[in-house]
Structures are given as C-alpha cells and as structure tokens.
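Topology and contacts: notes
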Amino acid sequence: MRKITHQTVVRENDFLRMLTSIRVGTFLAWRDIKRANIWTTLLIIFVMTVTFLNLVVVSGILVGLIEGAVVAQKEHYTGDVIISHLRQKNYIEQSTDIVRYLHSLPSVQDVSARYIQGGSIEANYKTKVRASDITDNAPALIAGISPFDENSVTGISHTLIDGKYLDEGDYDKILVGASLLYKYTPVDTPSLRTLENVEVGSKVRLNIGGFVREVTVKGILKSKVSEVDSRIFMTDTQLRGLIGRTDLNADEIVVKLKPGADPSYVKNQLTNLGYANLAKIQTSEEAQPKFLKDMKDTFNLLGNVIGTIGLVVASITIFIIIFVNAITRRKYIGIMKGIGIDSDAIELSYIMQAFFYGIFGSAIGLGIIFGFLKPYFAANPINFPFSDGILVADPMGVMVRVGVLMLATVIAGFIPAKIVVRQNTLDAILGR
Amino acid sequence: MIIVKGLKKTYKIGSTELPVLRGIDMHVEKGEFVSITGRSGSGKSTLLYQLGLLDYPNSGSIIIDRMETSELTSSERTSMRLIELGYVFQDYALLPSLTAVENVMVPILMLSLSKKEAHKKAKHALSLVGLSERLNSLPSQLSGGEQQRVSIARAIGFEPKILFADEPTANLDTETSKMVLDIFLQLNALGQTIVMVTHEKDYAMLADRILTLSDGVISETKIGKKKK
C-alpha cells in the first residue's frame, strides 16, 4: 500500500502550492473579467468610482470649507507670521528694528506694518433731520497701512469687490470692509451695526480718538476674513498724522515668507533676539482662531462618518456582486474543484476580480479628483458665507482611503467566494 | 489500479434514508476499459462519484493506485483528482469564460507547469480529440460533440492514471457518440485506464468488462466485445 504523504498527494510544498494558486487564480480572474459583460463590468467600476469619490470628496469638501477660511485667514490677514502688540502695551516696541531685521532674513519675502486705532465710521449724517437724531454709525478698527507693503504681504487688493485700491499718496480716502456695510452684510443689531447707503464715492466720517475726519470711500473689501472685513483701511501716513503717532511703532507686523520657508524658524529667530518680550509672535497656524480648528476637526469627523457609511455600502455592494456572481457560477466552482483546482485558486480568482474593480474604480476616482475636481474647486471655490470652500485631498490621505477601499473590497470579495467554495463539490456540480 | 471493497452509500432525504450502493466489491486493472451500466437509478453515477473522489461513501474502502482514499483529507482528495484522476462529465462541464485550449490548460497549470508548457500539452490533448482547429473557441461557439471532446481533452491533458466518464454520450447524437467512444478506445489502446458509466448497452459492450448495477449491487459482470 502506498503511504499517503504530502509529497505524493499534495504538490511539493506549501509555498509552491500558493504560487500556483495565485497563478491559476489570476489566470481565471483575468479571463472572467475579459469575457464578462462589458456593461456589467462598467456598472461595477462606476459603483466603485462613486464610492471612492464619496469617501474622498464629501470629507474633502467639508474640510475644504474650513480650509478655505484658514487659507484666507493666512493669505489676507496673518501672512506666514504675525507680530502683534502685547496685551499690556498699545503698540509693538522697537517696531522699526523688528521690520529691519525681518527684511534682513533671506527667507522673508515681504513685510507690512499696520497701525491700528479703534474708532467709528459715520454715514448719512447729511440727511439727518434733527440735530438730536442718531446718525448711521458703526464701530470699527481703522488700520493704517502702506498700500504697497500690505498688498505685497496679504494681496488685499484682490479682495476688492468695488472701487479701487489705495495708492501710496492717497489722503482722505479709505477702504471699507464689507462687514461694515448693510448692502453686503444685511444685519443691523445693537451688537453688529452696519451702514446703509454707503458705496464707492460716498462721503463718510471717521471718528478716531475724538478726531473727526470726513473721508471718501475709495473701495470696498470682502475677504471672508472677519478681521479684514470689519476694518477700515487708510494710508499709514494719514492715520499716524490723525492720531499723532510719530514713533513708527506699529500695532501689527505681518510677514510673508518665500515659498518653502519655515514660519517657525522666523518666529524662533525673533524670539532668540528677545523680541518675544516686546511683542506677541505667532505663526499663521498659531494665530488661527480656535473655532476654526474645532470646526475643522468636527467636519473631518463628519466626513469620516459619511465616508465610513459609503465604505460599508460599497463593501455590501461588492459583496452582493461577488456573491451573486459566485452563486450563479456555483456549478462551475464545483466543476473546478472536481477537476482538481484547489479552493485557494478559486477564492483568489474572486478576490482578484474584486481587487480589479476596486483598483479601477479608485484609479478613475483619483483621475477625477486630481484631474478635474481639485483644479475646478481651486479655480471656482464654493461660495460659503465665511469661506471660499476648496476641495482638500492631500495625496497621503487619499492613498490611505484607496487602501481602505481596497481592503474592504477584497474582504467583500473573499467572503462570498469562501462561502460558495466551501460547499460540497458534488452538490455544487449537480446543483443540489 | 482500483480496488473497491464493501462500498456503501446512503442518501438522506429528510428523515428518509435511501440506500443507493449496498456493498460494492469490484476492481479495475491498469490499462483496463471498464464500463458500468444499469437502469436509471441503479446507482451507477453514484458509484462513479465515489470512485472519482467527488463524494464520500458511508462505508467501505476505495484503493486507487495502492492508496487508501478514505484516509485522505478534502485537500488531498482535490490534489489526487488533479494528479491521478481525469473526469468527463455528462454535460461537458466546461468553464464558459475560457476558450477550448484554456479549459484544458487550467488543471495542467495547477500542476505548476509553466503557461507555455501547459498550452503545449493542452494543444496536444485537443489534437488527440480532433480539435486542433478550435483551440480559441469559447464553449458557446462549439457544438455538443465538440464540447464533449474538449471535456475529454481536459480530462486527459495532464495524463491522469484513470479516466472516469459519466454518461459521456448522453447528450450526443449517434454519430458524435461513436466519435467520442472511438477516442476512448484509442486512449485505452495507448494504455489509459478508463471507467465509463453508460446506460447504452451497445456502447458499454465496447469495453473490456461490463459491470451491471442493479439495486445498488453489481449483479452481473460480462466480458466486452473488445476483449472477445
């Protein structure tokens, strides 16, 4: 009697056996895909593509709404580094030294110093009927800027929605943030006052520390950054003249770095020189309002929840597709086992088919995201009240999602194949 | 080549037990062509399923090429089917998404042969059954007789020790049936051991020995025309 050994019955070794199963599984899977109904294949790939988009785009847009606000905050208000006066001080001491030092750093591209003064803006005072009537007014921060420097750092001129940007020699001309005007922010409550009937060319009065000056609105800004949109901008020379500041000590200094430069490095350099004792030095990330960070986390979570639901739906879809496929081909699975094809090879053929659908769906999804959606949303941001929403899809995060989708797809392909392959060979062949 | 002792198989349908094989004792010599015949429901296909290791008997012993098969695990039985046993099904049982040559190649590939070698062997097997011109046809593009010949080519492609055929002519016309039986006779002449189940007495008579099954036991053993 022959002795039963693995060598006589089962081929040489498990490794070779596994390699053979992979080879045969691939052989079967590829031919199944190649000769499957093209419309069925396209439908499955379409489902996978939509699932992938759901995984990436939904959370990407949710996060992108906040990311748009973060980007705007950095681009139009804080720059890469913002230096502001200490809480107990009215201005940044040694501002000129700081500005000079910043200009000497090779990583610094532009610097803008701002002079900030609290005050109010008054409109429609000429139409007041009685002297006792309260005129249309709103509290505001008035920022004195060098139009050229400020624009170099924050590109503020690009946020103009009406009128023209300030020129260096402008006098009695201002830019007004849209949050101060009823036309653009139709809210008027005791805590948020806005001015009616103010547009480019309108005469308004600025009340700055008791000094009243009639000026002309030269432009209106809307950046969707509250700090910018609730301010009034005029040339620094005029503001300093109005408030009698002669020391050149600014209230805010914003810095734009060259591409790739590290804001923390600049902050550390300033700190090492002791400027942190004279001013509050923050990178744009540190200066982000906490609510933005919280919202970003919340939207990220929401996106992940929606993405997970999408992933579960996709897994179930793949499961059903593979299960129906395997059930309808139960007889052939039985035949394959009958002619000696081992279960691993048959299961692998189904896993590979699922893998193929997942890979193709993801690849098309990647193409749509990086070839169309991301550039499209970058060029045409979603007009959200507090931000211009973009699509956030960083390659690393997207690849993680591809991995998750592939894993879910492979599991969803494996389980039904396993269920069908485990059935009795003869029952499968005879359809019992 | 095959020794069967006291083979019993009972199917359970609900609470009812239906004995199909009631104690089969038989043997098949190496290079022999044995046909199993009998009335419908006599248990001939069930016997072939047990011999072909597609099903498990309730009791008894099947020794194939000096190996006691009752001791084999499921995976070992699959491997044994692959290495030593070829099976021709009544309804051809070809994989619809594979061409004729690919259908024949699959079990050969499973033997760890390269794709090139598998293709060469599959081509050879198909040429033995007269299908050299239909290598790349899908089963749906082949006639019943051609499909059955592909099925035979698949069963002999990896040179099995025993070829089992379950009613190989049941779905074929007379002319095609004769062609298929000619192939079996040619293979047998080359030394291939064949066990064929058929209900057609004329076809059964072409074998060396004819075993007639009746009520789950072998009721008669005859010498076939071939031996005479």
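Definitions and cut-offs
Residues numbered from 1 in each chain as written. Chains lettered and ligands numbered in written order. Predicted model: local features only at pLDDT ≥ 70, side-chain atom pairs only at ≥ 80, totals over all residues. Heavy atoms only, no water. Helix = DSSP H or I, 4+ residues; strand = E, 2+ residues; numbered from the N terminus. Rg over C-alpha atoms; globule rule 2.2 N^0.38 Å. Buried < 20%, exposed > 50% of the residue type's maximum accessible area, 1.4 Å probe, protein only. Areas by Shrake-Rupley, 256 points an atom, 1.4 Å probe, with all protein chains shown as cover. Contact = heavy atoms within 4.5 Å. Lys, Arg positive; Asp, Glu negative; His and termini not counted. Charge placed at Lys NZ, Arg CZ, Asp CG, Glu CD. 1 Å grid on protein atoms, 1.4 Å probe; cavity = no way out; pocket = protein on both sides within 12 Å on 5 of 7 lines; lining within 4 Å. Points joined across faces, edges and corners; volume = space filled by probe spheres on them. Pairing = 2+ DSSP bridges. Right-handed = clockwise from strand over helix to strand, strands pointing away. Domains from an automatic or database assignment. Core = buried A, V, L, I, M, F, W, Y, C linked by side-chain atoms within 4.5 Å. Nonpolar A, V, L, I, M, F, W, Y, C, P; charged D, E, K, R; others polar. Axes fitted to C-alpha atoms, helices over the stretch in contact; angles between N-to-C directions. Buried area = accessible area lost by both parts, 1.4 Å probe. Salt bridge = Lys/Arg side-chain N within 4 Å of Asp/Glu carboxyl O. Polar contact = N/O pair within 3.5 Å; in protein donor to acceptor, adjacent residues only side chain to side chain. Phe/Tyr/Trp six-rings, centres within 6.5 Å; stacked < 30°, edge-to-face > 60°. Lys NZ or Arg CZ within 6 Å of the ring centre and 35° of its normal.

**Quick look at the overall build of chain B**
Within chain B, the regular secondary structure consists of seven helices and ten strands. Here the C-alpha radius of gyration of chain B, 17 Å, is about what a compact globule of 228 residues would show, namely 17 Å. Seen through its C-alpha atoms, chain B measures out along the principal axes to roughly 45 × 40 × 35 Å. Within chain B, the fraction of its 228 residues that count as buried is 59%. Carbon and sulfur atoms provide 49% of the accessible area of chain B, an area that totals close to 9300 Å².

**Focus on the overall build of chain A**
In terms of regular secondary structure, chain A is built from twelve helices and twelve strands. For a compact globule of 432 residues, the expected C-alpha radius of gyration is about 22 Å, and chain A comes in at 33 Å, more than 25% above that figure. Across its three principal axes, chain A shows a C-alpha extent of roughly 115 × 55 × 30 Å. Buried residues in chain A amount to 49% of all 432 residues. Contacts in chain A between residues far apart in sequence, at least 24 positions, make up 78% of those at least 6 positions apart. Summed over all atoms, the accessible surface of chain A reaches about 20300 Å², with 60% contributed by carbon and sulfur. Across chain A, the mean location of the 45 positive side-chain charges is 11 Å away from that of the 40 negative side-chain charges.

**Remarks on empty space enclosed by the protein**
Leftover empty space is mapped by rolling, across the atoms, a probe with the size of a water molecule. Here the structure, examined in full by the defined rule, presents two cavities of 30 Å³ or more. Each pocket or cavity is described by its volume, and for the largest cavity that value is around 60 Å³. Taken together, Gly-338 and Ile-339 of chain A together with Gly-52, Arg-81, Leu-85, Gly-86, Tyr-87, Pro-107, Arg-154, Ala-155 and Phe-158 of chain B make up the lining of the largest cavity. Taken together, the elements giving at least two residues each to the lining of the largest cavity come down to strand 6 (85–88) and helix 5 (144–156) of chain B. With three residues, strand 6 of chain B is the largest single contributor of residues to the lining of the largest cavity.

**Some remarks on the pairing of strand 8 (residues 193–197) of chain B**
Residue and element names in this part refer to chain B. Burial runs high along strand 8: five of the five residues are buried. Neither face of strand 8 is left uncovered, since the one carrying Thr-193, Val-195 and Val-197 and the one carrying Ile-194 and Met-196 both have all their residues buried. Pairing of strand 7 (residues 162–166) with strand 8, which is carried by five bridges, proceeds in the parallel orientation. Bridged to Phe-164 within strand 8 is Val-195. The parallel pair strand 7 and strand 8 is bridged by helix 6 (residues 174–189), and the resulting crossover is right-handed.

**Describing the domain arrangement of chain A**
Where the parts come together, the accessible area they lose is often given as the size of the interface. Domain boundaries in chain A define domain 1 (17–71 + 292–430) and domain 2 (80–283). Each of domain 1 of chain A and domain 2 of chain A has a C-alpha centre, and the two are 51 Å apart.

**Points about the nonpolar core**
Most often, soluble globular proteins have nonpolar side chains that are buried together. Ranked by size, the top nonpolar core spans 119 residues in total, and within it Ile-2, Leu-51, Leu-126 and Phe-184 of chain B carry the most contacts. For Leu-126 of chain B, the residues in contact, after removing those within four places along its chain, are Ala-100, Val-101, Val-104, Leu-131, Ser-132, Leu-135, Val-150 and Ala-153 of chain B.

**What about the layout of surface pockets?**
All names here are of chain A. If you add up the space inside the largest pocket, you get close to 320 Å³. In terms of lining, the largest pocket is formed by 18 residues, of which the most central are Lys-224, Val-225, Ser-226, Asp-229 and Phe-386. Elements with a minimum of two residues in the lining of the largest pocket: helix 2 (38–78), helix 5 (226–229) and helix 8 (290–328). The biggest single contributor to the lining of the largest pocket is helix 5, with three residues. Residues that form the lining of the largest pocket fall into these classes: nine nonpolar, five polar and four charged. When residues of the lining of the largest pocket are assigned to domains, at least three fall in each of domain 1 (17–71 + 292–430) and domain 2 (80–283).

**Structural notes on the sheet that holds strand 6 of chain B**
Residues and elements named next belong to chain B. An order of 6-7-8-3-9-10 is seen for the six strands of this open sheet, with the pairing classed as mixed. Where the open sheet ends on each side, the last strands, each with one partner, are strand 6 and strand 10 (217–223). Within this sheet the neighbouring strands show an average axis-to-axis angle of 20°, counted without direction. Across four bridges, the pairing between strand 3 (residues 33–38) and strand 8 is parallel. Its bridge partner being in strand 8, Val-34 is matched across the sheet by Val-195. Its contacts with the sheet place helix 1 (residues 44–51) against strand 3, strand 6, strand 7, strand 8 and strand 9 (209–214), and it is angled at close to 150° to strand 7.

**Details of the interface of chain A and chain B**
Contacts between the two partners involve 36 residues from chain A and, on the opposite side, 44 residues from chain B. The junction of chain A with chain B conceals about 3600 Å² of combined surface from both sides, 64% of it contributed by carbon and sulfur atoms. The interface formed by chain A and chain B includes three salt bridges. Among the salt bridges present, the one from Arg-35 of chain A reaches Glu-102 of chain B, with a minimum N-O distance of 2.5 Å. Between chain A and chain B we count eleven residue pairs in polar contact (both at pLDDT 80 or more) in total. For the side of chain A that touches chain B, the secondary structure elements donating two or more residues are helix 1 (14–34), helix 9 (330–338) and helix 12 (425–430) of chain A. Among the elements that take part in the side of chain A that touches chain B, helix 1 of chain A stands out by supplying ten residues, more than any other.

**Concerning the packing of aromatic side chains**
All names here are of chain A. On inspection of all chains with the given rule, the structure shows seven aromatic pairs over all chains. Plain terms: the ring middles of Tyr-101 and Tyr-275 are 6.4 Å apart, the flat faces sit at 45° to each other, and that makes the pair tilted. Here the residue Tyr-101 occupies a position in helix 3 (residues 95–104), and Tyr-275 occupies one in the loop between helix 7 (263–272) and strand 10 (279–283), the gap between them amounting to 174 residues. The burial state of Tyr-101 is the same as that of Tyr-275; both residues are buried. The positively charged end of Arg-240 is found above the aromatic ring belonging to Tyr-115, 5.4 Å away from the centroid.

**As for the pattern of salt bridges**
Two side chains that carry opposite charge are able to pair once their charged atoms sit near each other. Within this structure, the stated rule accounts for 28 salt bridges over all chains. The partner of Lys-331 of chain A in a salt bridge is Asp-91 of chain B, and the shortest N-O contact between them spans 2.6 Å. In this pair, Lys-331 of chain A sits in helix 9 while Asp-91 of chain B sits in the loop between strand 6 and helix 3 (100–109), so the two residues belong to two different chains. Glu-146 of chain B serves as the salt-bridge partner of Arg-134 of chain B, at 3.0 Å between the closest nitrogen and oxygen. Placement of Arg-134 of chain B in the loop between helix 4 (115–128) and helix 5 and of Glu-146 of chain B in helix 5 is noted, with a sequence separation of twelve residues between them. With a relative accessible area of 26%, Arg-134 of chain B lands in the partly exposed category. A residue is classified by how much of its surface remains accessible, and Glu-146 of chain B, at 14% relative accessible area, is buried. Among the charged side chains, a network of salt bridges with common partners joins Arg-114, Glu-150, Arg-231 and Glu-252 of chain A.

**Some remarks on the sheet that holds strand 4 (residues 59–64) of chain B**
Residue and element names in this part refer to chain B. One open sheet accounts for four strands, arranged 2-1-4-5; its pairing is antiparallel. Every other strand in the sheet has two partners, leaving strand 2 (16–28) and strand 5 (67–68) as the edge strands with one partner each. Relative to strand 1 (residues 2–13), helix 1 is tilted by about 120°, and along the sheet it contacts strand 1, strand 2 and strand 4.

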